[in-house]
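# Structural features, examined
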Amino acid sequence: MKRIFSNKEIVLGVTGSIAAYKACEIASRLVEYGARVLPVLTESAAELVGPASFEAITGRRAITGMFEPLQNPEIEHIAVATRAHLFLIAPATANVIAKAAHGIADDWLTTTLLATKAPILFAPAMNCNMYTHPATQENIKTLAGRGCRFVGPEEGRLACGFSGIGRMIDPATIIEACVPLLAPKKELAGKRVLITSGANHEPIDPVRFIGNRSSGKMGRAIALEALARGAEVTIISGPSEARMPWGATVISVGSAGEMAQAVEREAPKADVIIGAAAVADYTVANPAADKIKRDQETLTLTLVQNPDIIAGAGAKKRPGQFVVGFAAETENVIPNAIAKLKRKNLDLIVANLIGTSDSGFGTDTISASLITPDRHIEDLPLVTKDELANHLFNHIVAALA
Ligand code: CTP
């Protein structure tokens, strides 16, 4: 994420919704990721949150008035409109959406919005009746038709006391929605990337299962990188603690059998298939229909092998399709990975050492080697999962080209 945000000039437009206080957290995360954030508050936003908060977070003077920039050419609106990499309007009221849709430019923010060619992302926040009103919906459609992007809103309790759709989506999701708009490389535009991610739950009875420690962090990092490079992303996700990124289609599954069925359905449409899931190798032969009672001294479960999902995709690979697997190993990492690469007919395998405190299930970092069928090996000693995803797609893009 840092790589994508680093040194990007982001205009954070804050408009007059109660959610304006959450814009401080958005500003803070953007700054943490290395972006240069210029806060711009409309008059009503400045009534709700003090510009001083944004100034303390961003280290930049917050723009609140139309004529203020006259004293400071650095924030003259045409200069900012030209320099910005992204305009993020969060929260975006029905009013600012309506003004932007109709080209009304009556304050600093709307004037600059009209002058920019940078991508624009709105995070709407308003009462549910205002959001669903045909006027607002028409305005959103108009802006979307011109290439503006929207993230949220979501359903929930609203400041006005109503419950419904209109709550600004959470700051983490808003930040993720910026990723495809900021990323410079769009080499995967028009390509479909299918990712398996997370663990599997193999049922023992209606309340118990066999699982594993996969967190889904690797799958999430791969999905974010694919989105950043312009791909259309589908994740077939088993249970996992990591939230899947905004902008990806997520198909949630439980067992390896369900995951295999979903992959079978989705794989023919994909250009790239990546098996990042820690697929359960075995499932319970006959899961009990009712909860198993604690009335026996010992309990024996018979396990049968699950299908090998990525090997299935490798076997049915069509020309031009690129299939990637992982090899999670505790020993003989490279030889075991090469054997899996061959056995599963993969185009690339990520061999990774598991079982250490900084590489493996649930960690943010990983030690890995990328291995191709011609045995070219790229060693990545200890990298973040985001960095690994970046290296992985450098290989994939080069191979697809
Ligand atoms: N994989 C799969 N379906 C399975 C098992 C594994 O799709 N039933 C995929 C994983 O998602 C990963 C690769 O195959 O991309 C290798 O997984 P790994 O667990 O390392 O190897 P296994 O094939 O299960 O072999 P072993 O457990 O004997 O090491």
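Residues numbered from 1 in each chain as written. Predicted model: local features only at pLDDT ≥ 70, side-chain atom pairs only at ≥ 80, totals over all residues. Heavy atoms only, no water.

### Quick notes on the domain arrangement of the protein chain
Domain boundaries assigned for the protein chain yield domain 1 (2-182) and domain 2 (192-400). Between domain 1 and domain 2, the buried area comes to about 840 Å², and carbon and sulfur atoms account for 54% of it. By the criterion of area lost to domain 2, the three top residues of domain 1 are Arg-3, Glu-176 and Pro-180, representing 54% of everything that side buries. Arg-220 is the partner of Glu-176 in a salt bridge, and the nearest nitrogen-oxygen pair spans 2.7 Å. (Domains from an automatic or database assignment. Buried area = accessible area lost by both parts, 1.4 Å probe. Salt bridge = Lys/Arg side-chain N within 4 Å of Asp/Glu carboxyl O.)

### Describing the pairing of strand S8 (residues 192-197)
Counted residue by residue, S8 has five buried out of six residues, so it is predominantly covered. With six bridges connecting them, S8 and strand S11 (residues 232-237) associate as parallel partners. Paired with Ile-195 across the strands is Ile-235, a residue of S11. Across four bridges, the pairing between S8 and strand S13 (residues 272-275) is parallel. (Buried < 20%, exposed > 50% of the residue type's maximum accessible area, 1.4 Å probe, protein only. Helix = DSSP H or I, 4+ residues; strand = E, 2+ residues; numbered from the N terminus. Pairing = 2+ DSSP bridges.)

### Some details on the state of the cysteines
According to the stated counting rule, one finds zero disulfides in the structure shown. In this model Cys-148 remains outside any disulfide bridge; the closest cysteine sulfur is found in Cys-178, 14 Å from its own. Note on Cys-148: relative accessible area 10%, which makes it buried. (Disulfide = S-S within 2.5 Å.)

### Examining the packing of helix H2 (residues 22-32) against helix H4 (residues 51-58)
Running from N to C, H2 and H4 cross one another at 15°; their axes reach a closest spacing of 9 Å. One finds that H2 runs roughly parallel with respect to H4. Regarding H2 and H4, the two cross each other, and that crossing is right-handed. Residues Ala-23, Cys-24, Ala-27, Ser-28 and Val-31 of H2 touch H4, and the partners they reach there are Ser-53, Phe-54, Ile-57 and Thr-58. Of the residues that constitute the contact of H2 with H4, the class distribution is six nonpolar, three polar and no charged. (Axes fitted to C-alpha atoms, helices over the stretch in contact; angles between N-to-C directions. Parallel < 35°, antiparallel > 145°, perpendicular 65-115°, else oblique. Left-handed = near helix turned anticlockwise from the far one by under 90°. Contact = heavy atoms within 4.5 Å. Nonpolar A, V, L, I, M, F, W, Y, C, P; charged D, E, K, R; others polar.)

### Thoughts on the sheet that holds strand S5 (residues 149-150)
Spatially, S2-S1-S3-S4-S5 is the arrangement adopted by the five strands of the open sheet, whose pairing is parallel. Both edges of this open sheet fall to strand S2 (36-41) and S5, since each of them pairs with a single strand only. With four bridges joining them, strand S1 (residues 9-14) and strand S3 (residues 86-92) adopt parallel strand pairing. Considered in S3, the bridge of Val-11 is made with Phe-87. Those strands touched by helix H6 (residues 94-102) are S3, strand S4 (120-124) and S5, and its axis lies near 140° from that of S3.

### Considering helix H9 (residues 134-145)
The terminal C-alpha atoms of H9, which comprises 12 residues, lie 16 Å apart, in line with the 16 Å expected from a rise of 1.5 Å per residue. Listing the buried residues of H9 in full gives Thr-136, Asn-139, Ile-140 and Leu-143. All buried residues of H9 lie within an arc of 100° about the axis, which places them on one face of the element. Across from the buried face of H9, at angles greater than 90 degrees, the exposed residues are Pro-134, Lys-141 and Gly-145. (Expected span 1.5 Å × (residues − 1). Arc of directions from axis to C-beta.)

### A look at the pattern of salt bridges
With the rule as written, the count across this model stands at 22 salt bridges. Ionic pairing is found between Glu-225 and Arg-229, a salt bridge with its closest N-O pair at 2.8 Å. Given a relative accessible area of 1%, Arg-229 falls into the buried group. Several salt bridges converge on common partners, so that one network encompasses Arg-3, Glu-187, Glu-225 and Arg-229.

### Focus on the site of the ligand
By nearness alone, 14 residues border the ligand, and Gly-275, Ala-277, Phe-326, Lys-340 and Lys-344 come closest of all. One of the backbone N or O atoms of Gly-275 is found 2.7 Å from an oxygen atom in the ligand. Note that an oxygen atom of the ligand is positioned 3.0 Å from one of the side-chain N or O atoms of Asp-281. The set of elements that each furnish at least two residues to the shell around the ligand consists of helix H13 (309-315) and strand S16 (322-329). The residue inventory of the shell around the ligand, partitioned by class, reads eight nonpolar, two polar and four charged. (Near = heavy atom within 4 Å. Polar contact = N/O pair within 3.5 Å; in protein donor to acceptor, adjacent residues only side chain to side chain.)

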